[in-house]
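# Overview (structure and organization)
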Amino acid sequence: MAKKVEQDQATRAARRAVLIDGIPVSALGVIALALGSSPDPSRAQKVWWIATTTVFTLAIAWVLLRAFRRGDEYLRRIQLESMAIAFAAVLVGLQVATLLDAAGVIQLHQLAQAILLGGVAIWMTIADLRTRLNR
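Now for the overall build of the protein chain. On a plain count of helices and strands, the protein chain comes out with four helices and zero strands. Along the protein chain, helices and strands appear, N-terminal first, in the series α-α-α-α. For the C-alpha atoms alone, the extent of the protein chain along its principal axes is close to 60 × 35 × 15 Å. When each of the 135 residues of the protein chain is scored for burial, the buried share is 17%. A sequence separation of at least 24 residues applies to 66% of the contacts in the protein chain between residues at least 6 apart. As displayed, the protein chain has an accessible area near 9,800 Å², and 68% of this comes from carbon and sulfur atoms. Averaged over its 15 positive side-chain charges, the protein chain has a centre that lies 4 Å from the centre of its 9 negative ones.

Right, here's the structure in full:
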């Protein structure tokens, strides 16, 4: 029983650390999205958008690396399996969107971001549920 309580506390601490690392990165993502959503950006706006998006991407990689290093083998396995499932879902979603674009039903550029964000949501949801239900 004491070992289970200790594992639960370690899991909570790891989640708390990822949340603390992830909040500024999420804010940076919102800023990058806002900078890139201008319909007719100037050259300076494009440069700021590219710079912010690059920093955002590097910050995501940094948060993920720190999260993997904090986790034990079991948590790493859950994360990698969750990523694999989300990757497969994104591939299927992009393939379907490409076929619909070729058929003239939708435009691919309208769905690409939603599909990628949906993949991240699938990854996080699966990882969270598996961590909560299997411990």
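That shown, we press on.
Now for the confidence of the model for the protein chain. Per-residue confidence for the protein chain gives a mean pLDDT of 84, with 98% of residues at or over 70. Per-element mean pLDDT across the protein chain ranges from 78 in helix 1 (residues 2-36) up to 91 in helix 3 (residues 73-102).

It is worth spelling out helix 2 (residues 43-70) at this point. Taking 1.5 Å per residue as the helical rise, helix 2 with its 28 residues ought to reach 40 Å, and the 41 Å between its terminal C-alpha atoms agrees with that figure. Every buried residue belonging to helix 2 is among T52, A59 and V63, and all of these are buried.

Moving on: the pattern of salt bridges. In the structure shown here, the tally under the stated rule is two salt bridges. Ionic pairing is found between E81 and R77, a salt bridge with its closest N-O pair at 2.9 Å. Within this pair, E81 and its partner R77 are both found in helix 3, separated by four residues, close to a single helical turn. A salt bridge links E81 to R130; the nearest nitrogen and oxygen atoms lie 2.4 Å apart. Linking E81 in helix 3 with R130 in helix 4 (residues 108-134), this pair joins segments that are 49 residues apart in sequence. Its relative accessible area of 25% is what places E81 among the partly exposed residues.

What counts, and at which threshold
- Going along each chain's sequence as written, the residues are numbered from 1 onward.
- For a predicted model such as this one, the threshold for reporting local features is a pLDDT of at least 70, and the threshold for listing and counting side-chain atom pairs is 80 or more; totals across whole chains, interfaces and linings nevertheless cover every residue.
- Side-chain numbers here rest on the full set of heavy atoms in the structure, without hydrogens or water.
- Numbering of helices and strands runs from the N terminus; a helix is a DSSP stretch of H or I covering at least four residues, while a strand is a stretch of E covering at least two.
- Buried residues are those whose accessible area, probed at 1.4 Å on protein chains only, stays under 20% of the maximum for their type, while exposed residues exceed 50% and partly exposed ones sit between those limits.
- Any pair of residues with heavy atoms lying within 4.5 Å of one another is described as a contacting pair.
- Accessible surface is estimated by sampling points in the Shrake-Rupley manner with a 1.4 Å probe; for residues, cover comes only from the protein chains shown.
- Just so you know, the count uses Lys and Arg for positive and Asp and Glu for negative, and it drops His and the chain ends.
- Where a charge lies is defined by one atom per residue type, namely NZ (Lys), CZ (Arg), CG (Asp) and CD (Glu).
- Values of pLDDT, the confidence the predictor places in each residue, fall between 0 and 100.
- Expected helix span is taken as 1.5 Å per residue step, with the number of steps being one fewer than the number of residues.
- A pairing counts as a salt bridge when a side-chain nitrogen of Lys or Arg comes within 4 Å of a carboxyl oxygen of Asp or Glu.

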